[in-house]
Amino acid sequence: MDNVLAFGAASGQAARVDAVFLLILVVGVFFFFLTQGIMIYFAVKYRRRVPGRDNETPDIHGNPMLEFLWILIPSLVVVAIFYYGWRVYTDQRTSVAGATEVHVNARQWMYEVKYPDGRTAINEIRVPAGKPVKFILSAADVLHGFYLPDFRVKMDMIPGRVTTLWVQPDRPGSYQIYCTVYCGTGHSNMLARLIVMPPGEYAEWVEHGGREGGEAEGKEPLHERGERVVKGAGCLNCHAVEGKEKIGPNFRGVYGSTVPLADGTSVKADEEYLRESIVDPGAKVVKGYPNVMPTFKTSMPPDDVRAAVEYLKTLK
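Just so you know, these numbers come straight off a predicted model, no measurement behind them.

Caption draft 1: Layout of the overall build of the protein chain. Looking only at helices and strands, the protein chain features 7 helices and 12 strands. In terms of overall size, the protein chain is more extended than a compact globule, its C-alpha atoms giving a radius of gyration of 29 Å where 316 residues would be expected to give roughly 20 Å. Principal-axis analysis of the C-alpha atoms places the extent of the protein chain at approximately 100 × 45 × 40 Å. Buried residues in the protein chain amount to 36% of all 316 residues. Taking all contacts inside the protein chain whose residues are at least 6 apart in sequence as the whole, residues at least 24 apart take part in 61%. Accessible surface computed for the protein chain: about 18,400 Å², of which carbon and sulfur atoms make up 60%.

Caption draft 2: Focus on the pattern of salt bridges. Scanning the model with the defined rule gives 14 salt bridges in all. A salt bridge links Glu-276 to Lys-284, with the shortest nitrogen-to-oxygen separation between them at 2.7 Å. Lys-284 sits in the partly exposed class, given a relative accessible area of 29%. Linking Glu-310 and Lys-313 is a salt bridge whose minimum nitrogen-to-oxygen distance equals 3.3 Å. Taken together, the positions of Glu-310 and Lys-313, both in helix α7 (residues 302–314) and 3 residues apart, correspond to about one turn of that helix. A residue is classified by how much of its surface remains accessible, and Glu-310, at 26% relative accessible area, is partly exposed. Put simply, Glu-271, Glu-310 and Lys-313 are held in one network by salt bridges that share partners.

Caption draft 3: Quick look at the nonpolar core. In terms of nonpolar packing, the biggest core is built from 37 residues, with Tyr-111, Ile-125, Phe-135, Phe-146 and Leu-194 touching the most fellow members. By size, the runner-up hydrophobic cluster in this structure holds 26 residues, among which are Ile-122, Val-267, Val-305 and Leu-315.

Caption draft 4: Structural detail: the environment of Asn-105. Considering the arrangement of structural elements, one finds Asn-105 in strand β1 (residues 100–107). Of the residues examined, Asn-105 reaches a relative accessible area of 17% and is grouped as buried. Once the C-alpha coordinates of Asn-105 and Leu-22 are considered, the two residues, 83 residues apart in sequence, prove to be 34 Å apart. Setting aside its immediate chain neighbours within four residues, Asn-105 contacts Met-110, Tyr-111, Glu-112, Ser-138, Ala-139, Ala-140 and Met-157.

Caption draft 5: Spotlight on the environment of Ser-188. Within the secondary structure layout, Ser-188 lies in the loop between β9 (173–178) and β10 (191–197). Take Ser-188: its relative accessible area is 57%, and that puts it in the exposed class. With 41 residues separating them in the primary sequence, Ser-188 and Val-229 have C-alpha atoms 19 Å apart.

Caption draft 6: Structural view of the confidence of the model for the protein chain. Confidence along the protein chain averages 86 in pLDDT terms, with 92% of residues attaining 70 or more. Between the elements of the protein chain, mean pLDDT differs from a low of 57, seen in helix α4 (residues 214–219), to a high of 95, seen in strand β6 (residues 144–148).

Caption draft 7: Just the side chain of Gln-13, in detail. As for its placement among the helices and strands, Gln-13 is situated in helix α1 (residues 12–45). Reaching out from Gln-13, the side chain makes a polar contact with the backbone oxygen of Trp-166 at a distance of 3.5 Å. Leaving out residues up to four positions away in the same chain, Gln-13 has contacts with Gln-92, Trp-166, Val-167 and Gln-168.

Conventions used here
Residues numbered from 1 in each chain as written. Predicted model: local features only at pLDDT ≥ 70, side-chain atom pairs only at ≥ 80, totals over all residues. Heavy atoms only, no water. Helix = DSSP H or I, 4+ residues; strand = E, 2+ residues; numbered from the N terminus. Rg over C-alpha atoms; globule rule 2.2 N^0.38 Å. Buried < 20%, exposed > 50% of the residue type's maximum accessible area, 1.4 Å probe, protein only. Contact = heavy atoms within 4.5 Å. Areas by Shrake-Rupley, 256 points an atom, 1.4 Å probe, with all protein chains shown as cover. Salt bridge = Lys/Arg side-chain N within 4 Å of Asp/Glu carboxyl O. Core = buried A, V, L, I, M, F, W, Y, C linked by side-chain atoms within 4.5 Å. pLDDT = per-residue confidence, 0-100. Polar contact = N/O pair within 3.5 Å; in protein donor to acceptor, adjacent residues only side chain to side chain.

Below, the structure written as structure tokens:
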């Protein structure tokens, strides 16, 4: 399999795309050196020599057979490249039967993931290795992109439409997902991960309800887990911890402060306010900031919400 998955491809499907580009490269390089070599050969052979001697060249007006072959051979090569590329493209666009379906909804600036059994996640998709996966893509606000460079596939995510994309991950690992369409000021931070797990580990992960489980997670300090949750959920795409203000309020120093609200009142930023701001962000909108934050009520488990709150409390 490693030989098939050369050039960093994460699946045999991606390796076929690489093969198309490799074929075009080899053919292009061959004809480049062929034409340049012939041109140099004739330039030397029929160069100007001693004045008055050997300067006459043959009176050639054409060679029908040579011209026929010169048209036929490149045409056959182009048709062969087109046919092979077309077969690879159609195989990529036609999902195989029995693929696991994962719904992915994009919004500024995150990917909301929903599995067939109802589990949800933000900016992270986990799938088993060796089994086909079909992504059902949608967008809630503006045009977004879903690009898996290691799998050589990309699809637009269009508001009001559903698009699909499928892959068969062969190599366990963690792969970056990019948004390839400029979707606003937080576009460059709109990232997610596709985590391909060995089938046994994936089954164990599902059995734990979509959590890592194990002794290590139980011993992880709550605020450290919260930092991981906040980063993984894409919160820092809109909220700064250091430096320039982003779309939402800065996280630094928010806990314990008095927060002015859009309705003219104010609120003390305690644990309950932070929790409510995560699961129901429209309940208390901070003055001077747009009410655009999506709710994490269904996509972030209560334990992760508590951990995120504990992390925010450490940002003094």
